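Coordinate analysis (summary)
Residues per chain, in single letters:
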Amino acid sequence: MKSEQIINTVSVNNFFSKKITKHILYWIGIVVFFGITWGTYDHDYKRSFLIQFFGLPGKIVLVYITLLFLIPKFFVTRKFTIFVLYYFLFLVIITVIIQRPIMLYYVEPNYLPEWKSKGFFTISEIMKTALDVNNAAILPMAYIFFKFYYNSQQKTLALEKEKLQAELNQLRNQVHPHFLFNTLNNLYSLIIKKSDVAETAVLKLSGLMRYMLYEANVPKVSLSKEVEYLKNYVDLEKLRFDSHTDISFNAEIDKEYSISPFLLIPFVENAFKHGPSSNKNSWIVISILVKNKKLIMQIENAKQNEQNQKTDFDGGIGFINVKKRLELLYPNNYSLNAQDNGLSYEVILKLNLDDNEG
């Protein structure tokens, strides 16, 4: 709050420090505008300009008290009620002490002899004078109010962006240990079995790690690279399953797009976690179709034989992670459905993508 006050106070002070000519031009503009406006009634523009000129003292005092004192002290600190009360208090004081005497004892006798004032403290006369004084403060206050609102909005957006980025980084970092835990377990099982494909698995893992550490450390990556990453992961998983498990991976992309990295892998991980088993009918089908900026990812896997099996559809780290990321990165631009079909589990993700500009 204190930093916000400093920022907005500096903004107010800059209004005055940049160019004094702006203020001079503003007051000339006030005289010219109202001089022409009132001068059209009797076409005596000289008199009208002089009346506006001699009416400047009260207006100048009100404007600069408001901009230099009231706004920094009360408006910037969000004490809006106190600001309004003090503004109207100063408006009345300036009207009675400065503007009303000038108008009643100098302007009216010399330039408006036909004007018959009803008295110094007549409510109607004071209100008319106060409205005239207030007119000069409307534009500067509107400018400051707009700047204050704009700066507040920009600061809010910046804070929201920082919060969003921090949360996204946290979510992305959660993917890495989750993925590595599963993959290292896979490698361990291959080594225990003294499998001939263990060396191939290490090379594929090396490629996956290279992508994770060096290529995907950006907000958006090429969709083709992300799909290649998924394919390598699937190939790595295939190494630890026998021929009884049917694993299918198919991807069709009409052109290049951008996508947030590691957004799709949790769905694939989830399928392998709950799909392959000792059942001869075990299978996983992964299909990715991308056309006209629309991505449709469909993953279906056979259910394992274990009874009362609980999947990660509602409680797993990876699935909860990706749902949060989808909501943060693609609000109102995706749909995600997961269902139990009796003999299989199915996940369908539909996502609106960005064109790849790089």
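Residues numbered from 1 in each chain as written. Predicted model: local features only at pLDDT ≥ 70, side-chain atom pairs only at ≥ 80, totals over all residues. Heavy atoms only, no water.

Some points on the overall build of the chain
A count of helices and strands for the chain gives ten helices and eight strands. Counting every position in the chain, which comprises 358 residues, the buried fraction comes to 39%. Within the chain, contacts between residues at least 6 apart in sequence are counted, and of these 72% link residues at least 24 apart. Only carbon and sulfur atoms are counted for the fraction: they give 60% of the accessible area of the chain, which is about 20600 Å². (Helix = DSSP H or I, 4+ residues; strand = E, 2+ residues; numbered from the N terminus. Buried < 20%, exposed > 50% of the residue type's maximum accessible area, 1.4 Å probe, protein only. Contact = heavy atoms within 4.5 Å. Areas by Shrake-Rupley, 256 points an atom, 1.4 Å probe, with all protein chains shown as cover.)

Looking at unusual backbone geometry
One non-glycine residue, Arg78, adopts positive backbone phi at about 65°. Positionally, Arg78 belongs in the loop between helix H4 (56–75) and helix H5 (80–111).

Side note on the packing of aromatic side chains
Counted under the stated rule, the structure contains 21 aromatic pairs. On the numbers, 6.0 Å between centres and 75° between planes, the contact of Phe83 with Phe145 is edge-to-face. Taken as a pair, Phe83 in helix H5 and Phe145 in helix H6 (residues 123–192) lie far apart in primary sequence, 62 residues in all. The class of Phe83 is buried, set by a relative accessible area of 6%. (Phe/Tyr/Trp six-rings, centres within 6.5 Å; stacked < 30°, edge-to-face > 60°.)

Some thoughts on the pattern of salt bridges
Counted according to the given criterion, the structure contains six salt bridges. Between Arg47 and Asp44 there is a salt bridge, and its shortest N-O distance comes to 3.9 Å. In this structure Asp44 comes out as partly exposed when scored by relative accessible area, which is 32%. Salt bridges linked by common partners bring Lys204, Lys231 and Asp235 together as one network. (Salt bridge = Lys/Arg side-chain N within 4 Å of Asp/Glu carboxyl O.)

Considering the environment of Asn186
Mapped onto the elements of the fold, Asn186 is located in helix H6. Judged by relative accessible area, which is 7%, Asn186 ranks as buried. Separated by 15 residues in the primary sequence, Asn186 and Ala201 have C-alpha atoms spaced 9.0 Å apart.

Quick word on the nonpolar core
Of all hydrophobic cores here, the largest spans 44 residues; its most connected members are Leu230, Ile259, Val268, Phe272, Ile286, Leu295 and Met297. With seven residues, the top contributor of residues to this core is helix H8 (residues 223–238). The residues contacting Met297, other than those within four sequence positions of it, are Leu230, Leu264, Phe267, Val268, Ile286, Ser287, Ile288, Val347, Ile348 and Leu349. Listed in part, the 26 residues of the second largest apolar core include Leu56, Leu67, Val133 and Phe148. (Core = buried A, V, L, I, M, F, W, Y, C linked by side-chain atoms within 4.5 Å.)

Points about the packing of helix H3 (residues 45–54) against H4
H4 packs onto H3 with a crossing angle of 40° between their chain directions and a minimal axis gap of 5 Å. By the angle between their axes, H3 is oblique relative to H4. Taken together, the residues of H4 that come into contact with H3 (itself represented by Gln52, Phe53 and Phe54) are Leu56, Pro57 and Lys59. A class-by-class count of the residues in the contact of H3 with H4 yields four nonpolar, one polar and one charged. (Axes fitted to C-alpha atoms, helices over the stretch in contact; angles between N-to-C directions. Parallel < 35°, antiparallel > 145°, perpendicular 65-115°, else oblique. Nonpolar A, V, L, I, M, F, W, Y, C, P; charged D, E, K, R; others polar.)

Observations regarding the sheet that holds strand S5 (residues 294–302)
Strand order in the open sheet formed by five strands is S2-S4-S5-S7-S6, with mixed pairing between adjacent strands. Of all strands in the sheet, those bounded by a partner on one side alone are strand S2 (246–253) and strand S6 (334–340). Taking the axes of each pair of neighbouring strands and ignoring which way they run, one obtains an average angle of 5° across the sheet. In the packing of H8 onto the sheet, the strands contacted are S2, strand S4 (283–291) and S5, and the crossing angle to S2 comes to about 170°. Lying over the sheet, helix H9 (residues 265–274) contacts S2, S4, S5, S6 and strand S7 (344–352), oriented at roughly 10° with respect to S5. (Pairing = 2+ DSSP bridges.)

With respect to the environment of Asp340
Note that Asp340 resides in strand S6. Each C-alpha atom of the pair Asp340 and Lys303 lies 9.0 Å from the other, and the pair is 37 residues apart in sequence. Once residues lying within four places of it in the same chain are set aside, the contact partners of Asp340 are Lys303 and Tyr345. A polar side-chain atom of Asp340 sits 3.3 Å from a polar atom in the side chain of Lys303. Within the structure, the side chain of Asp340 is placed 2.8 Å from the backbone nitrogen of Gly342, a separation counted as a polar contact. (Polar contact = N/O pair within 3.5 Å; in protein donor to acceptor, adjacent residues only side chain to side chain.)

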